[in-house]
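Residue strings, one per chain:
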Amino acid sequence: MDLDIIQRDLRTLWHPCTQMRDHADDPPIAIRRGSGVWLEDVDGKRYLDAISSWWVNLFGHANPRINAAITEQLGQLEHVILAGFTHEPVVTLSERLSALAPAGLGHCFYASDGSSAVEIALKMSFHFWRNKGETRTRFISLANSYHGETLGALAVGDVALYKETYEPLLLRNITVPSPDAYLREPGESEAEVARRAIAALEQTLERHAREVCAVIVEPLVQCAGGMRMHDPVYLSLLRDACDRYHVHIIADEIAVGFGRTGTLFAC
Ligand SMILES: Cc1ncc(COP(=O)(O)O)c(C=O)c1O
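We now turn to the structure provided with this report.

Thresholds, definitions, all that
- Residues numbered from 1 in each chain as written.
- Predicted model: local features only at pLDDT ≥ 70, side-chain atom pairs only at ≥ 80, totals over all residues.
- Heavy atoms only, no water.
- Helix = DSSP H or I, 4+ residues; strand = E, 2+ residues; numbered from the N terminus.
- Buried < 20%, exposed > 50% of the residue type's maximum accessible area, 1.4 Å probe, protein only.
- Contact = heavy atoms within 4.5 Å.
- Areas by Shrake-Rupley, 256 points an atom, 1.4 Å probe, with all protein chains shown as cover.
- Lys, Arg positive; Asp, Glu negative; His and termini not counted.
- Charge placed at Lys NZ, Arg CZ, Asp CG, Glu CD.
- Pairing = 2+ DSSP bridges.
- Core = buried A, V, L, I, M, F, W, Y, C linked by side-chain atoms within 4.5 Å.
- Expected span 1.5 Å × (residues − 1).

Another point: the overall build of the chain. Each helix and strand counted, the chain has 9 helices and 9 strands in total. Each principal axis of the C-alpha distribution contributes one length, and for the chain these read about 60 × 50 × 35 Å. Scored against the burial criterion, the 267 residues of the chain give a buried share of 34%. Contacts in the chain between residues far apart in sequence, at least 24 positions, make up 58% of those at least 6 positions apart. Surface summary for the chain: the accessible area is close to 16800 Å², and the carbon and sulfur share equals 57%. In the chain, which carries 25 positive and 35 negative side-chain charges, the distance between the mean positions of the two groups comes to 4 Å.

Structure below.
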């Protein structure tokens, strides 16, 4: 491995979600190029990118069709603010996304990353209730959930490793049991765990619905929480409960959307 790049890296970079001291014995791998599912380091050694670069890379590295489209667009217009301006690609993309989205979700709002998307969803939900003349300030989220690293997203997450240190800075969310199928009692089915989790959620909604903007959930799989899956019945029961108690659902499909669970959206 090219030691020069490692030394330069350690002198100048802090890596995300990383205890930098660990890199003293276990240096980062210096990647030179990627192609499809493969990454290649500076010595030519290949790695199968089995986590799809933290599950964001859906179409493979250096995908020729995507690269060609980006290159063509860069030559014409690399960026313009969407406040007060618009352009053909963003309108076409929004039309196509709206056509794919479930009925009733007819508009797009763009964020720069997953955490920002979660922040926006939390704010939109809060703002909806505010426009209705209601001040609701709480969010319900699931045990073991992960929604990102920014402060709002951390507040609705429940992975101690990421959250604990920043606890004094965070919104006071309400955490309810997860429908995680691993939590089955002996003889209990996955659907029964889901029903048990919904019963607990309903008790919480009974007490807090008027102060709650939304329930935020990672549909089907809690990814950063350890790839913990739940029975899909949880999602239909959640829809039903949230309709009855008049609170929003925020479906955080950052890790599961766009085909990653077999259908375009996980719920
Ligand atoms: C479910 C979920 N929500 C939000 C995020 C945050 O996304 P980002 O890292 O792009 O901010 C992640 C990241 O892994 C995620 O898995």
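For the rest of this paragraph, the subject is the pairing of strand β2 (residues 38-41). Here 4 bridges tie strand β1 (residues 31-35) to β2, and the two strands are oriented antiparallel to one another. The residue of β2 that forms the bridge with Ser 35 is Trp 38. Following β1, the chain reverses through 2 residues before pairing antiparallel with β2; Gly 36 in that reversal takes a positive phi of roughly 60 degrees. Bridging between β2 and strand β3 (residues 46-48) involves 3 bridges; their strand directions are antiparallel. The partner of Trp 38 across the bridge, within β3, is Leu 48. Between the end of β2 and the start of β3, which pair antiparallel, lie 4 residues, with Gly 44 showing a positive phi angle near 90 degrees.

Further remarks concern the nonpolar core. With 27 residues, the main nonpolar core has Ile 140, Leu 201, Leu 205, Val 215, Tyr 234, Leu 238 and Val 247 as its most contacted residues. Within the residue set of this core, elements represented by two or more residues are β4 (138-142), β5 (174-176), α8 (190-208), β6 (212-217) and α9 (233-245). Setting aside its immediate chain neighbours within four residues, Leu 201 contacts Ile 140, Val 176, Val 215, Tyr 234 and Leu 238. In this structure, Val 118, Leu 122, Trp 129 and Ala 214 belong to the second largest nonpolar core, which totals 10 residues.

Attention now moves to the environment of His 87. The topology assignment puts His 87 in the loop between α3 (64-76) and α4 (88-100). Counting along the chain gives 28 residues from His 87 to Phe 59, while the straight-line C-alpha distance between them is 25 Å. Apart from residues no more than four positions distant in its own chain, His 87 is found in contact with Leu 77, Val 80 and Leu 82.

Let us now look at helix α5 (residues 114-131). Here α5 spans 25 Å end to end across 18 residues, near enough to the 26 Å set by a 1.5 Å rise per residue. Where α5 is concerned, the buried positions are Ser 115, Ser 116, Val 118, Leu 122, Ser 125 and Trp 129. Contacts from the buried residues of α5 go to β4, α6 (151-155), β6 and β9 (248-251). Phi for Gly 133, located one or two positions after α5, is positive at around 85 degrees.

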